[in-house]
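# Understanding the architecture of this molecule
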Amino acid sequence: MIKEDIRLALDNLKFSRAIYSNFKVSSVLTAKNGKKYTGVNIESASYTPTICAERTAFFKAVSEGVLEFESIVIVGGKNGKVTNLTPPCGVCRQVMMDYCDPKTFKIIIAIDEDNYQEYTLEQLLPLGFGAKNLEG
Ligand code: THU
């Protein structure tokens, strides 16, 4: 499962639109219903509209009514060459907090099928702010 998702994420790096930073990122998000949502980073000439690979995957799923998630695999590297782990940025961690259970949602950052690390969202975003906090 994890290895297949890593392979898919690596294969999809070619779709990344990292036309300014040249830092290509690709992700595979698995929903609780078993469906997979892929995402790449898409950069804008105006810079700030740029979206990360992780949020592309989440918003694809959410826009189809899928709201429960199990895990996400993330790979990235300069010019699409993956030599280091790519941890999710703070904005993406917040979006994960908006849609995932911090104790069970798994974030897998990978170099290849044999080199990866697995974390829970709670480990990468301790004391995160989520919908529960708005309940008062
Ligand atoms: N990027 C991602 O896609 N995900 C991350 O978690 C880290 C950063 C993208 C955004 C931008 O297109 C490029 O990597 C350089 O920051």
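Reading guide: rules and limits
Residues numbered from 1 in each chain as written. Predicted model: local features only at pLDDT ≥ 70, side-chain atom pairs only at ≥ 80, totals over all residues. Heavy atoms only, no water. Phe/Tyr/Trp six-rings, centres within 6.5 Å; stacked < 30°, edge-to-face > 60°. Helix = DSSP H or I, 4+ residues; strand = E, 2+ residues; numbered from the N terminus. Buried < 20%, exposed > 50% of the residue type's maximum accessible area, 1.4 Å probe, protein only. UniProt positions renumbered as here; feature names shortened; annotations may be inferred. Pairing = 2+ DSSP bridges.

### Considering the packing of aromatic side chains
Throughout the structure, instances matching the rule amount to three aromatic pairs. On the basis of an interplanar angle of 70 degrees and a centroid distance of 5.0 Å, the ring pair of Phe58 and Phe69 is categorised as edge-to-face. Placement of the pair is Phe58 in helix α2 (residues 53–62) and Phe69 in strand β3 (residues 69–78), with a sequence separation of eleven residues. For Phe69, a relative accessible area of 3% puts it in the buried group. By the ring-pair criterion, three or more aromatic residues cluster together here, those being Phe58, Phe69 and Phe105.

### Some details on the UniProt feature "domain: CMP/dCMP-type deaminase" (unreviewed entry) in the chain
When the UniProt feature table is mapped onto this chain numbering, "domain: CMP/dCMP-type deaminase" (unreviewed entry) sits at residues 1–132. For residues 1–132, the end-to-end C-alpha separation is 31 Å, with 27% helix and 28% strand making up the annotated structure.

### What to know about α2
Of all ten residues that make up α2, seven are buried, and the element is covered over most of its length. Taken as a whole, α2 has its buried residues at Ala53, Glu54, Arg55, Thr56, Ala57, Phe58 and Ala61.

### Describing the pairing of strand β5 (residues 115–120)
In this structure, strand β4 (residues 106–112) lies alongside β5, joined through six bridges in antiparallel fashion. Bridge pairing in β5 places Ala110 opposite Tyr116. The antiparallel pairing of β4 with β5 creates a hairpin that spans two residues between the two strands.

### Comments concerning the pairing of β3
In terms of burial, β3 is largely enclosed, as eight of its ten residues are buried. In this structure, strand β1 (residues 23–31) lies alongside β3, joined through nine bridges in antiparallel fashion. From the neighbouring strand, Val28 faces β3, where its bridge partner is Val73. As paired strands, β3 and β4 are joined by four bridges and run parallel to one another. Counterpart to Ile72 in the pairing with β4 is Ile107.

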